[in-house]
Amino acid sequence: MFHSPFFISLKIALLATLLVFISGLFLAYKSLHWKKTRKIMDIIFLLPMVLPPTVIGFFLLLFFSKQYPFGQFLDSVGIQIIFSWWGGVFASFIVAFPLIYRSVQSAMEQMDENLCLVARTLGMKEITIFWKIVIPNCIPGIVSGILLAFTRAFGEFGATIMVAGNIPGKTQTISMAIYSAMQSGDFQTAYIWVACILLFSTACILVMQYVTSYKWKKVEK
C-alpha cells in the first residue's frame, strides 16, 4: 500500500512542501529588506514558475550528475539522488518554491509596515517581530502558499520523471501512473488516478478558500 503511486506522491509532496515552507518563508521575509538585488533575486526565485518542468529536470540532472563536482561529492559519500524518490523531492521543491515565495512575499508587502516600525522603537528583536507580528498578520498568504505549493508538488511530472525516473513502487507518482496507464492503453486505471488527483487538489483549494475568507471576515469585524 505504501508503495502505491498515491503514497509516493504524498511522501514526496509533504517533504518538498516542508522544505519549500522553511526556505520560502525566510527568503520572502528577507526580500523585503533587499534593495539593489531585489529584482535580480526575484527573477531567480520565480524563474521555475515560467520554465518548462523538463528544463528544470534537465538542470537538476546535470547538477546531480557524477560528471559535475556536487554529483561527484554525493557519489563519494554514497548518496544517490538520480532515480530515487529524493530526486522527486528536489524536483518538486524547485517547481513549487515560486508559489509559496510569491504568495508569502505579497502578503508581507500588504502588511502595515508601521507595526514593525513601532515594534523596533519599543526594542523588540527582529526574530520576535517576525514570529509575533509578521507571521500572525500574514497567515492567509502563508497558508495559501503552502497549499498551492503542496498541490503543485503532488502533481509534478516533467521535472520528476527526468530526475527520479518512472520506477513502479519506488518513484512512480500519480502523474507518472496516469502516463504509464495511458501508454499501455489501461484507461480504467488512468481514470481512477485522474479522479484521485482531481478530488485531492479540489479539497486543497477549498481549504485555501476557507482560510482566506475566514481571515477576511475576521478583519472586517
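Our subject is the structure that appears above.
Cut-offs used in this document
Here the residue index of a chain counts from 1 through its sequence in written order. Given that this is a predicted model, residues contribute local features only at a pLDDT of at least 70 and side-chain atom pairs are listed and counted only at 80 or more, while totals for whole chains, interfaces and linings are drawn from all residues. Excluding hydrogens and water, the side-chain figures rest on all heavy atoms present in the structure. Every axis in this analysis is a line fitted to C-alpha atoms, fitted for helices over the stretch in contact. Angles between the N-to-C directions lie between 0 and 180 degrees. Numbering goes from the N terminus for both helices and strands, where a helix is a DSSP run of H or I of at least four residues and a strand is a run of E of at least two. Angles below 35 degrees are treated as roughly parallel, those above 145 as roughly antiparallel, those between 65 and 115 as roughly perpendicular, and all remaining angles as oblique. Helix crossings are classified by the rotation of the near helix relative to the far one: an anticlockwise turn of less than a right angle makes the crossing left-handed, while a clockwise turn makes it right-handed. We call two residues in contact whenever any of their non-hydrogen atoms come within 4.5 Å of each other. By the convention adopted, Pro, Cys, Tyr, Trp, Phe, Met, Ile, Leu, Val and Ala count as nonpolar, Lys, Arg, Asp and Glu as charged, and the other residues, Gly among them, as polar. Each nonpolar core is a collection of buried residues, namely Ala, Val, Leu, Ile, Met, Phe, Trp, Tyr and Cys, held together in the definition by side-chain atoms within 4.5 Å. Each residue gets one of three labels from its accessible area relative to the maximum for its type: buried under 20%, exposed over 50%, partly exposed in between, using a 1.4 Å probe on protein chains only. Multiplying 1.5 Å by the residue count of a helix minus one yields the expected span of that helix. A residue's bend is simply the angle between two axes: one fitted to the seven residues ending at it, one to the seven starting at it. For Phe, Tyr and Trp, rings pair up if their centres lie within 6.5 Å, where Trp contributes its six-membered ring, and each pair is then called stacked (planes under 30 degrees apart), edge-to-face (over 60) or tilted (otherwise). Note on geometry: a ring has a charge over it if NZ (lysine) or CZ (arginine) is within 6 Å of the ring centre and within 35 degrees of the ring normal. Throughout this description, a polar contact denotes any pair of N or O atoms lying within 3.5 Å of each other; where both atoms belong to protein, one of them has to be capable of donating a hydrogen while the other can accept it, and for residues adjacent in sequence the pair is counted only when both atoms sit in side chains.

Q: Explain the packing of helix H1 (residues 5-31) against helix H8 (residues 139-154) here, please?
A: Each packed pair of helices is defined by two parameters, the angle between the axes and the distance between the axes. At their nearest, the axes of H1 and H8 sit 8 Å apart, and the two run at 140° to each other. Classified by the angle their axes make, H1 and H8 are oblique. As H1 packs across H8, the resulting crossing turns out to be right-handed. Contact residues: Phe6, Ser9, Leu10, Ala13, Leu14, Ala16, Thr17, Val20, Phe21 and Leu25 in H1; Ile142, Ile146, Ala149, Phe150, Ala153 and Phe154 in H8. Residues of the contact of H1 with H8, tallied by class, amount to 14 nonpolar, two polar and no charged.

Q: Looking at this structure, I do not really get the environment of isoleucine 94. What am I missing?
A: By the secondary structure assignment, isoleucine 94 is in helix H5 (residues 85-110). On a C-alpha basis, the gap between isoleucine 94 and valine 134 in space is 25 Å, while along the polypeptide they are 40 residues apart. Residues contacting isoleucine 94, with those up to four places away along its chain left out, are Pro48, Ile56 and Leu60.

Q: Explanation requested: the nonpolar core in the structure shown.
A: One recurring pattern in soluble globular proteins: nonpolar side chains tend to sit buried together. By size, the foremost hydrophobic cluster in this structure holds 39 residues, and its most contacted members are Met108 and Val134. For methionine 108, the contacting residues outside a window of four places in its chain are Leu25, Ala28, Tyr29, Leu32, Phe130, Val134 and Cys138. By size, the runner-up hydrophobic cluster in this structure holds 10 residues, among which are Ile56, Phe64, Ile81 and Val163.

Q: Would you mind going over H5 with me for this structure?
A: Within an α-helix, residues lying three or four positions from one another point in the same direction, as the helix has 3.6 residues per turn. A rise of 1.5 Å per residue sets the reference length of H5, with its 26 residues, at 38 Å; its end C-alpha atoms lie 38 Å apart and thus fit the reference within 8%. Of all the bends in H5, the greatest reaches close to 40° and is centred on alanine 96; the proline proline 98 follows between one and four positions later.

Q: How should I be thinking about the packing of aromatic side chains in this particular structure?
A: Within a pair of aromatic rings, the relevant descriptors are the distance that separates the centres and the angle that separates the planes. The final tally for this structure, using the stated rule, is 23 aromatic pairs. With centroids separated by 5.2 Å and ring planes inclined at 70°, the aromatic side chains of phenylalanine 63 and phenylalanine 64 adopt a geometry described as edge-to-face. Owing to a relative accessible area of 8%, phenylalanine 64 belongs among the buried residues under this scheme. Aromatic pair phenylalanine 64 and phenylalanine 90: ring centres 5.3 Å apart, planes at 45°, arrangement tilted. Here the residue phenylalanine 64 occupies a position in the loop between helix H3 (53-63) and helix H4 (69-76), and phenylalanine 90 occupies one in helix H5, the gap between them amounting to 26 residues. Of the residues examined, phenylalanine 90 reaches a relative accessible area of 27% and is grouped as partly exposed. Put simply, the rings of Phe63, Phe64, Phe70, Phe73, Trp85, Trp86 and Phe90 touch in pairs and so form one group of aromatic residues. Over the ring of tryptophan 85 we find lysine 11; its NZ or CZ atom is 4.3 Å from the centre of that ring.

Q: Would you explain helix H10 (residues 174-184) in this entry?
A: Within H10, the full set of buried residues consists of Ile174, Ser175, Met176, Ala177, Ile178 and Ala181. Looking at the residues trailing H10, positive phi occurs at glycine 185, about 80°.

Q: Which parts of the structure should I look at to understand the side chain of serine 23?
A: Mapped onto the secondary structure, serine 23 falls in helix H1. Here the side chain of serine 23 touches leucine 19 through a polar contact of 2.8 Å, landing on its backbone oxygen. Not counting residues up to four positions away in its chain, the partners in contact with serine 23 are Phe93 and Phe97.

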